Amino acid sequence: DAKTTQPTSMDCAEGRAANLPCNHSTISGNEYVYWYRQIHSQGPQYIIHGLKNNETNEMASLIITEDRKSSTLILPHATLRDTAVYYCIVALRDYKLSFGAGTTVTVRA
Amino acid sequence: DTAVSQTPKYLVTQMGNDKSIKCEQNLGHDTMYWYKQDSKKFLKIMFSYNNKELIINETVPNRFSPKSPDKAHLNLHINSLELGDSAVYFCASSLGTWTSGSSDTQYFGPGTRLTVL
C-alpha cells in the first residue's frame, strides 16, 4: 500500500472550514483514499473515502487531485467536537488499513 | 444500539498470565479485525477474519490467537503476557464486500486498554 504524508498538527477556528492535506504520490491506480479520525482514546471513526472523484457526505468532503497524488479532507464548519487525530490512508481494499501518525487537529473557540 | 462492542474495557494483569478480550458486532458484517495501538499511538492491524476464516495475520507472535466462533464474534486470546503487550486493542468489522470497483468501511469498537505489570 502507498505511503501517505500528513502534517503533524494543525489548528482551526470553530465555525471555519478545516482543510487537511495528504500526500500519496506513490498511489496506484486501483488504491482508494480513506479518511478516519480518532477522538481522544475512542475507536477510529470512518469519515469518507474515494477513488478518483471528489466525494461529499454529511461529515466532510474529499477532494482528490487529478493525478491522485494528493488529496484534501474538508470539514466545512469545524466544531470543538471535531478535535481529533485525522488519518489519511491509502489501501487497495479496506481490509488492510495501515494507520500512520495522522494529523492532530485542534479546533479552538 | 452498540454496533461493535468489546469486553472488558480495561484489563490489568501480571506478566505471564493468559487473558482474553471479546468482541461482538451486531451489524451483520462478514469481516472482523483486531488492531493494536501502542504507547506511540500507532494503530496496526493484527488479524482479520472473513466468514470465520483467517485472512490476515500480520506477523503477530503466536502467543496471540484469535478465535471466531461465528461471524458476529472475534475473540483475542493472549498467552504468557509480556510487558510489551500493554496497549489498547481495538476490534473492528466491515461488510467485506471487496467486489471490483467497490469498497467498504470499518467500524471500530471502543477499545480494551490492557496493562501488563
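Scroll up for the structure.
*Asks:* Could you give an account of the environment of Leu95 of chain B, naming the residues involved and the relevant values?
*Replies:* Residues and elements named next belong to chain B. With respect to the helices, strands and loops of the structure, Leu95 is situated in the loop between β9 (87-94) and β10 (107-108). C-alpha separation for the pair Leu95 and Leu81, spaced 14 residues apart in sequence, amounts to 32 Å. Setting aside residues up to four positions removed in sequence, Leu95 forms contacts with His29, Asp30, Thr31 and Asp104.

*Asks:* Let's hear about the packing of aromatic side chains: which residues, and what values?
*Replies:* Per the stated rule, a full pass over the model turns up ten aromatic pairs over all chains. Measuring from centroid to centroid gives 6.3 Å for Phe64 of chain B and Tyr89 of chain B, while their planes differ by 35 degrees, and the two rings are tilted. Placement of Phe64 of chain B in strand β7 (residues 64-70) and of Tyr89 of chain B in strand β9 is noted, with a sequence separation of 25 residues between them. The same class applies to Phe64 of chain B as to Tyr89 of chain B, namely buried. Taken together through their ring pairs, the aromatic side chains of Tyr36, Tyr46, Tyr87 and Phe99 of chain A together with Tyr33, Tyr35 and Phe108 of chain B make up a single cluster.

*Asks:* A description of the side chain of Ser68 of chain B should follow, citing residues and the corresponding values.
*Replies:* Residues and elements named next belong to chain B. For Ser68, the position within the fold is in strand β7. Here Asp70 takes part through its backbone oxygen, which lies 3.0 Å from a polar atom of the side chain of Ser68. Among the polar contacts made by the side chain of Ser68, one reaches the main-chain carbonyl oxygen of His73 at a distance of 3.0 Å. Apart from residues lying up to four places away in sequence, Ser68 is in contact with Tyr49, Lys52, His73 and Leu74.

Cut-off values and rules
Residues numbered from 1 in each chain as written. Chains lettered and ligands numbered in written order. Predicted model: local features only at pLDDT ≥ 70, side-chain atom pairs only at ≥ 80, totals over all residues. Heavy atoms only, no water. Helix = DSSP H or I, 4+ residues; strand = E, 2+ residues; numbered from the N terminus. Contact = heavy atoms within 4.5 Å. Phe/Tyr/Trp six-rings, centres within 6.5 Å; stacked < 30°, edge-to-face > 60°. Buried < 20%, exposed > 50% of the residue type's maximum accessible area, 1.4 Å probe, protein only. Polar contact = N/O pair within 3.5 Å; in protein donor to acceptor, adjacent residues only side chain to side chain.

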